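So you can see what is in the structure, the chains are spelled out below.
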Amino acid sequence: MQTLKGKHIVLGISGGIAAYKSAYLLRLLIKAGAEVQVVITPNGKEFITPATLAALSGKPVVSEFFAANTGEWHSHVDLGLWSDLMVIAPATASTIGKMAGGVADNMLITTYLSAKSHVMVAPAMDLDMWAHPSTQRNIATLEHDGVEIIQPASGELASHLTGKGRMQEPEEILRRVELYFSRNESLKGKRILVTAGPTYEDIDPVRFIGNYSSGKMGFAIAEEAAARGAEVTLVAGPVSLQTVHPRIRRIDVRSARQMLEAAEEAFEVCDAAILSAAVADYAPEHCHVSKIKRENIDGLELRLVRNPDIAAALGASKGKRKLVGFALETDHEHDNALVKMERKGLDMIVLNSLRNPLAGFNKDTNQVTVIKSDGYEKEYPAKDKRDVACDILDELECIEGF
Ligand code: PMT
C-alpha cells in the first residue's frame, strides 16, 4: 500500500557500515510512495556509492555544496523547505555530535539546520561509542531540540562485539516513518488539556509536601497529542522537563489550587482532558511566612486541609467533552480505579500499579490497564512512556463522540 504517497523525504546518510542498509530503506520508502532526496556525507560515499542511491531514488544524490559536473550550487535551504520529513540513517557519532553542536561543515548538517520538518535519527555505532557520555549528551541535546531518536538495537556489531549500537532494521525505520505521517492528522482540529507532574504544597519558604512524579508520562502524552495535530495546553507542576513542540502551550504551576485554576480555564475551550498529574490531596492549612525554626518548638503539628479535586471539578461540568484520569494504586487497584472513574465523572481511567517495577513514578516505562465507562477494558504490556502515550491517545480517539 502507498502509505507515503506524495510525501517528500530527505534521507541523510553518514559514514558508517550500516550505510549498506540505507539502500534497502530507500527502496522501502520509494515503494511506499515517497519522493526521496538522498543527502550523503563525504564519508558516507566511502560505504555506499551515490550511483546506487541515485538509481533507487531516481534523483541525483546531493553531497557537496556545489555539483561536481555543473558547478551548480545545491541549496540546503530549498531542500530543508521541500522536506516533509528528514530521516538520517545511519547517523554516526560524528554526525550526531555535529548536529548537536550545529557544526555545519557538510551538506547533510546544513540541510538539517535548515529543515522546517520533523527529523528522525537512527544512530549506528560501536557499543562503547554509543555508551560514551559525550554521545549520550549529544543524543539528549537532540531530543531536547525535538529530534526523534530511533534507538539502536542490541546485537552483533561490525566490530564483532555484541551490544547496543546496531542501526534499527529498515522495516522498523519505515514503520516509524509511517507512524509519524499517520498520526500527524488524527487529532487535527482538536484541543486537548494535559496535566502533568506533581504539585507542591508549601509549608514554609523552604519546605513543601510533594511527591515523586517526574512529569514524564504527562509530557509524553502532550508531545504525542501535538504530534498528531492537536493544540495542547499542558499544565505542569514543578518538573525539570522541557517541551519543544510548537503546538504545546505550557502553563507552569506549583500547587493543586493553581493547577485547578489553570486547568479549569483551559478546559473551557478543549475537546478532552487527560489528567496525569499526581495532585497532592492535602495541603497545609497555612503556609508559614518565615522558615519554621527547630529551636523554637519541640514537636511540630501541621494541620492539613483537603485540596480541590481537579478531575471531579472538570467532570462535573464536562458536558460532551471527554475526560481521562489516571489511577495510581497500591491495593484493590481495579476496584479503586472503577470507583474513581465513577466518582470523578471520567470517560476513561488509566490504571498504573505501584507494585509493577516497570510502572509509575519517574520511570521511563509504564504498564497500564485502560478502563472505559462503557465497560471496555484492555491491559497493555510494559512499554516506554512514549508508546504508552500512543496507546492512551488511540484509546481516547476510539471513545464515541470524541
Ligand atoms: O510523572 P511520572 O513520573 O511520569 O509518573 C506518572 C504517574 C505515575 C504520576 C501517572 O502515570 C499517574 O498515575 N498519575 C496520577 C497519579 C495520581 O495522583 O493518581 P490518583 O489515583 O491519586 O488520582 C486519580 C486521578 O485524579 C488522577 O487523574 C489525578 O490527576 C486526579 N486528581 C487527584 C487528586 C486531586 N486533588 N485532583 C485530581 O485531579
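Up top is the structure these notes are about.
This section reports on the structure supplied with the text. Each chain has its residues counted from 1, running along the sequence as written. Residue-level local features of this predicted model are given only where pLDDT is at least 70; pairs of side-chain atoms are given and counted only at 80 or more, and the full residue set underlies all totals for whole chains, interfaces and linings. To get the side-chain values, take all heavy atoms of the structure and skip hydrogens and water.

1. As for the site of the ligand
Item 1. For the ligand, the set of nearby residues contains 27 residues, the closest of which are Ser213, Ser214, Lys340, Asn352 and Asn362.
Item 2. We define a polar contact as two N or O atoms separated by no more than 3.5 Å, with the added condition that, inside protein, one atom must be a possible hydrogen donor and the other a possible acceptor, whereas residues neighbouring each other in sequence contribute only through side-chain atom pairs. Between the ligand and alanine 311 there is a distance of 2.8 Å, counted from an oxygen atom to a backbone nitrogen or oxygen.
Item 3. One of the backbone nitrogen or oxygen atoms of phenylalanine 326 is found 2.9 Å away from an oxygen atom of the ligand.
Item 4. Each accessible area is a Shrake-Rupley estimate made with a 1.4 Å probe; only the visible protein chains count as cover when residues are assessed. The protein chains hide 95% of the 760 Å² of surface that the ligand would expose on its own.
Item 5. For the shell around the ligand, the elements supplying multiple residues, two or more each, are helix 9 (216-227), helix 11 (310-316), strand 16 (322-329) and helix 12 (333-344). A molecule or strand has a residue near it when one of that residue's heavy atoms lies within 4 Å. The helix and strand labels rest on DSSP assignments: H or I over at least four residues marks a helix, E over at least two residues marks a strand, and numbering proceeds from the N terminus.

2. Details of the environment of proline 308
Item 1. Relative to the assigned elements, proline 308 resides in the loop between strand 15 (304-306) and helix 11.
Item 2. Sequence separation between proline 308 and methionine 259 is 49 residues, and the spatial gap between their C-alpha atoms is 9.7 Å.
Item 3. Not counting residues within four places of it along the chain, the set of residues in contact with proline 308 comprises Arg257 and Leu260. Throughout, a contact is declared for two residues whenever any of their heavy atoms are within 4.5 Å.

3. A short note on the pairing of strand 3 (residues 85-91)
Item 1. Within strand 3, 7 of the 7 residues are buried, which leaves the element mostly enclosed by the surrounding structure.
Item 2. By this definition, two strands are paired if DSSP reports at least two bridges between them. Where strand 1 (residues 8-13) lies against strand 3, 4 bridges are found, and the strand directions are parallel. Of the residues in strand 3, the one forming a bridge with glycine 12 is isoleucine 88.
Item 3. In this sheet, strand 4 (residues 118-123) lies alongside strand 3 in parallel orientation, the contact comprising 5 bridges. Along strand 4, the bridge assignment pairs isoleucine 88 with valine 121. For every residue, the accessible area (1.4 Å probe, protein chains only) is compared with the maximum for its type, and the residue is labelled buried under 20%, exposed over 50%, or partly exposed between those bounds.

4. Quick word on a nonpolar patch on the surface
Item 1. Each patch is built from residues that are more than 30% exposed by relative accessible area and take part in no salt bridge. Like charges join if they lie within 9 Å; nonpolar side chains (Val, Leu, Ile, Met, Phe, Trp, Tyr) join within 5 Å. When a carboxyl oxygen of Asp or Glu lies within 4 Å of a side-chain nitrogen of Lys or Arg, that pair is called a salt bridge. Together, Tyr282, Ile297, Leu300, Leu302 and Leu304 give the surface a local cluster of nonpolar side chains, amounting to about 430 Å² of exposed area.
Item 2. Here isoleucine 297 is to be found in the loop between strand 14 (282-284) and strand 15.
Item 3. Isoleucine 297 sits in the partly exposed class, given a relative accessible area of 36%.

5. A word on the pattern of salt bridges
Item 1. Throughout the structure, instances matching the rule amount to 23 salt bridges.
Item 2. Across the pair glutamate 35 and lysine 59 runs a salt bridge, and its minimum N-O distance is 3.0 Å. Taken together, the positions of glutamate 35 in strand 2 (residues 35-40) and lysine 59 in the loop between helix 2 (50-57) and helix 3 (76-82) put the pair 24 residues apart, joining distant regions of the chain.
Item 3. When its relative accessible area of 35% is taken as the criterion, glutamate 35 is described as partly exposed.
Item 4. Glutamate 148 is paired through a salt bridge with arginine 176; the nearest N and O atoms lie 3.2 Å apart. Taken as a pair, glutamate 148 in strand 5 (residues 148-149) and arginine 176 in helix 8 (residues 170-186) lie far apart in primary sequence, 28 residues in all.
Item 5. Owing to a relative accessible area of 14%, glutamate 148 belongs among the buried residues under this scheme.
Item 6. Shared partners join several salt bridges into a network, and the residues in it are Glu224, Arg228, Asp394 and Glu397.

Worth remembering: the numbers are spatial, not functional.
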